[in-house]
Amino acid sequence: MTTLLGNVKSGIDSLGLITARIVAEFGDQDGLNGASVDEVDAVINGNQPSSRPEV
């Protein structure tokens, strides 16, 4: 049971980090809605620096 709870905690922690990256990059719902799937993928996976202009 503790392994399962540890896995759940790890997943939630990872989701929190991904969410923080998305919020830092796109700022708000409008910014996220205007992003392409490739832009969101790049932010989540750290594939490339952002090419989005500062708002």
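So, a few notes on the structure that sits alongside this text. Everything numeric in this text was worked out from a predicted model, so none of it was measured.

**Describing the nonpolar core**
In step 1: One finds Ile22, Phe26, Ala35, Val40 and Val43 forming the largest nonpolar core, which totals 5 residues.
In step 2: At the level of secondary structure, the elements contributing two or more residues to this core comprise helix 1 (2–26) and helix 3 (37–45).
In step 3: Leave out the neighbours within four places in its chain, and Ile22 touches Gly27, Leu32, Val43 and Ile44.

**Re a nonpolar patch on the surface**
In step 1: A cluster of nonpolar residues, Leu4, Val8 and Ile12, forms a patch on the protein surface that exposes about 290 Å² of accessible area.
In step 2: Position of Leu4 relative to the elements: it lies in helix 1.

**Describing the environment of Val43**
In step 1: When you line up the elements, Val43 lands in helix 3.
In step 2: For the pair Val43 and Phe26, spaced 17 residues apart in the sequence, the C-alpha separation amounts to 9.4 Å.
In step 3: Residues contacting Val43, with those up to four places away along its chain left out, are Arg21, Ile22, Glu25 and Phe26.

**Describing the packing of helix 1 against helix 3**
In step 1: Two elements in contact, helix 1 and helix 3, have axes whose closest approach is 9 Å; the angle formed by their N-to-C orientations is 125 degrees. Classified by the angle between their axes, helix 1 and helix 3 sit oblique to one another. Handedness of the crossing formed by helix 1 with helix 3: right-handed. Residues Ile18, Arg21, Ile22, Glu25 and Phe26 of helix 1 touch helix 3, and the partners they reach there are Glu39, Val40, Val43, Ile44 and Asn45.
In step 2: Residue composition of the contact of helix 1 with helix 3, by class: 6 nonpolar, 1 polar and 3 charged.

**Considering the environment of Ile44**
In step 1: Structurally, Ile44 is set in helix 3.
In step 2: A C-alpha to C-alpha distance of 8.4 Å links Ile44 and Thr19, two positions 25 residues apart in sequence.
In step 3: Those residues in contact with Ile44, other than ones at most four positions away along the chain, are Ile18, Arg21 and Ile22.

**Section: the pattern of salt bridges**
In step 1: This structure, assessed with the given rule, holds 1 salt bridge.
In step 2: When the shortest N-O distance is used, the salt bridge between Asp13 and Lys9 registers 2.7 Å. Taken together, the positions of Asp13 and Lys9, both in helix 1 and 4 residues apart, correspond to about one turn of that helix.
In step 3: Relative accessible area serves as the criterion here: at 39%, Asp13 is assigned to the partly exposed category.

What counts and what doesn't
- Residues numbered from 1 in each chain as written.
- Predicted model: local features only at pLDDT ≥ 70, side-chain atom pairs only at ≥ 80, totals over all residues.
- Heavy atoms only, no water.
- Core = buried A, V, L, I, M, F, W, Y, C linked by side-chain atoms within 4.5 Å.
- Buried < 20%, exposed > 50% of the residue type's maximum accessible area, 1.4 Å probe, protein only.
- Helix = DSSP H or I, 4+ residues; strand = E, 2+ residues; numbered from the N terminus.
- Contact = heavy atoms within 4.5 Å.
- Patch = residues over 30% accessible without salt bridge, like charges linked within 9 Å, V, L, I, M, F, W, Y side chains within 5 Å.
- Areas by Shrake-Rupley, 256 points an atom, 1.4 Å probe, with all protein chains shown as cover.
- Salt bridge = Lys/Arg side-chain N within 4 Å of Asp/Glu carboxyl O.
- Axes fitted to C-alpha atoms, helices over the stretch in contact; angles between N-to-C directions.
- Parallel < 35°, antiparallel > 145°, perpendicular 65-115°, else oblique.
- Left-handed = near helix turned anticlockwise from the far one by under 90°.
- Nonpolar A, V, L, I, M, F, W, Y, C, P; charged D, E, K, R; others polar.

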